[in-house]
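Below are the chains, spelled out letter by letter.
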Amino acid sequence: MSTKKGLLERLREGPVIGDGGYVIELEKRGYVTAGLWTPEATVEHPEAVRQLHREFLRSGSDVIQSFSFFASGDRISDTKNKFTGEAINQAACNLAVEVAREGDALVCGGVCQTPAYRKGATKNETRTLFRNQMQVLVDNRADFLLCEYFQFVEEIELAIEVAKTFGLPVAASMCIGEKGSHDDVSLGQCAVRMARAGADVVGLNCHHAPMTVVENIKTMKKALQEAGLEPFLLTQPCGYHVDEAEKMGYLEIPEYPLAMEPRTITRWDCHRYARAAYDAGVRYLGGCCGFQPYHIRALAEELLPERGGRRAPAMDKHYPWGGGQVHSFFTMIRRRSTRDYWENLQPATGRPRSSAFSKCDTDYTVVLD
């Protein structure tokens, strides 16, 4: 019998560190097609997915999430993928379980929005799509289910409803900002409805910058408290500075998705995010698109005292707050070995004609093909 502590037990004891982004990172590495964003790499290049899982685990992740983003049956068939959704999800489970066993990590079965819902599928048709995908995840020993990256609150309610039938802890997060969901439900009420649908963990993921997400989770927390609800809180923001973005978050940014590098957050931004989120009451902290392993290491480092001093293997190669710079031959670099230096640095882009902000593209027309 396994003695591994479950998600809810861990959350009651202290912060749980999630992992980071997969589709954006694997696209950069040559294993995912930008635009489609489907995870057939689990079948085609399992070694690439396995390696990224391991990097997150070494960096401090307490959770290894199955790379099953956009792997509902309808999304896979719509994109004329040569693999079935079941095959992709099965491979995703195999990899997540394998790597989680290398540490004390939980296996998270990830499920996201479906194209069918946008196209007018009935509630029962949508539930069936969720159930088919979740069944594979549950059959392959997921420790909990995460319904993430939803824009319509009704759709995530359906996903939570199905997830609860499997008897596992259920986390739920929406990729929305302060203007609320795409079916015009306020941020606070989205949180309330997710909790009332049965989610044990409620929060936000992707699309918006870390500190923006922290402010938005405070709004959710207030609404939950007013409704007498106390789920655990989750934040997994994008790893980019996109403060000017509005309802659609980074999707509006002209540089998305193929020129986002100048907007990438630093590890020091992650320290600030981790502390602010924890102080706001968030206990499940991770990242989404743009979050790389070193960002996750920063979260684990910042919350080291709250995590009982548990160190991640990748910390052995990293001095806190740039302390390793004292070993440099150069005086100018040795001066950069203090927390004060890195905490107060305002990084430049090195691009003379770069503007601080972009004019966002706010054409929200959806093409259903």
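(A) Quick look at the packing of helix H11 (residues 210-226) against helix H12 (residues 267-279). It is at 9 Å that the axes of H11 and H12 come closest, and there the two elements cross at 5°. Considering their axes alone, H11 and H12 lie roughly parallel with respect to each other. Between H11 and H12, the contacting residues are Pro210, Met211 and Val214 on the first element and Arg272, Tyr273, Ala276 and Ala277 on the second.

(B) Up close: the sheet that holds strand E3 (residues 106-111). Overall, parallel pairing links the 8 strands, which are arranged E1-E8-E7-E6-E5-E4-E3-E2 in an open sheet. Either end of the sheet is taken by a strand with one partner, and the two such strands are strand E1 (16-17) and strand E2 (63-65). Relative to E3, helix H8 (residues 123-139) is tilted by about 165°, and along the sheet it contacts E3 and strand E4 (144-150).

(C) Looking closely at the side chain of Gln292. Here Gln292 lies in the loop between strand E8 (284-285) and helix H13 (293-302). Looking at Gln292, the relative accessible area reads 19%, which means it is buried. Once residues within four sequence positions are removed from consideration, Gln292 is found in contact with Glu25, Lys28 and Phe56.

(D) Region of interest: the layout of surface pockets. Within this model, the largest pocket holds a volume of roughly 1100 Å³. Considering the residues around the largest pocket, the lining is formed by 35 residues, among which Arg118, Met248, Leu251, Val366 and Val367 are closest to the centre. For the lining of the largest pocket, the elements supplying multiple residues, two or more each, are helix H2 (23-28), helix H5 (73-78) and helix H7 (115-118). Here the residues of the lining of the largest pocket sort into 18 nonpolar, 8 polar and 9 charged. Considering only enclosed or pocket space, the second largest pocket measures out at about 850 Å³ in volume. Along the wall of the second largest pocket there are 30 residues; nearest its centre are His241, Pro262, Arg263, Pro347 and Thr349. Elements with a minimum of two residues in the lining of the second largest pocket: H11 and H12. Grouping the amino acids of the lining of the second largest pocket by side-chain chemistry returns 13 nonpolar, 9 polar and 8 charged.

(E) Looking closely at the packing of aromatic side chains. Counted according to the given criterion, the structure contains 14 aromatic pairs. A ring pair is formed by Phe69 and Phe70, whose centres lie 4.4 Å apart and whose planes are at 40°; its orientation type is tilted. Among the residues examined, Phe69 registers a relative accessible area of 16% and is labelled buried. For Phe70, a relative accessible area of 13% puts it in the buried group. Relative to Phe150, the ring of Phe130 has its centre 5.8 Å away and its plane inclined at 55°; by these criteria the two rings are tilted. Taken as a pair, Phe130 in helix H8 and Phe150 in strand E4 lie far apart in primary sequence, 20 residues in all. For the pair shown, Phe130 and Phe150 are each scored as buried. Here a set of aromatic residues connected by ring pairs shows up, and it is made of Trp268, Trp321, Tyr341 and Trp342. Note that Arg75 overlies the ring of Phe70, its terminal NZ or CZ placed 4.4 Å from the centroid.

Reading guide: rules and limits
Residues numbered from 1 in each chain as written. Predicted model: local features only at pLDDT ≥ 70, side-chain atom pairs only at ≥ 80, totals over all residues. Heavy atoms only, no water. Axes fitted to C-alpha atoms, helices over the stretch in contact; angles between N-to-C directions. Helix = DSSP H or I, 4+ residues; strand = E, 2+ residues; numbered from the N terminus. Parallel < 35°, antiparallel > 145°, perpendicular 65-115°, else oblique. Contact = heavy atoms within 4.5 Å. Pairing = 2+ DSSP bridges. Buried < 20%, exposed > 50% of the residue type's maximum accessible area, 1.4 Å probe, protein only. 1 Å grid on protein atoms, 1.4 Å probe; cavity = no way out; pocket = protein on both sides within 12 Å on 5 of 7 lines; lining within 4 Å. Points joined across faces, edges and corners; volume = space filled by probe spheres on them. Nonpolar A, V, L, I, M, F, W, Y, C, P; charged D, E, K, R; others polar. Phe/Tyr/Trp six-rings, centres within 6.5 Å; stacked < 30°, edge-to-face > 60°. Lys NZ or Arg CZ within 6 Å of the ring centre and 35° of its normal.

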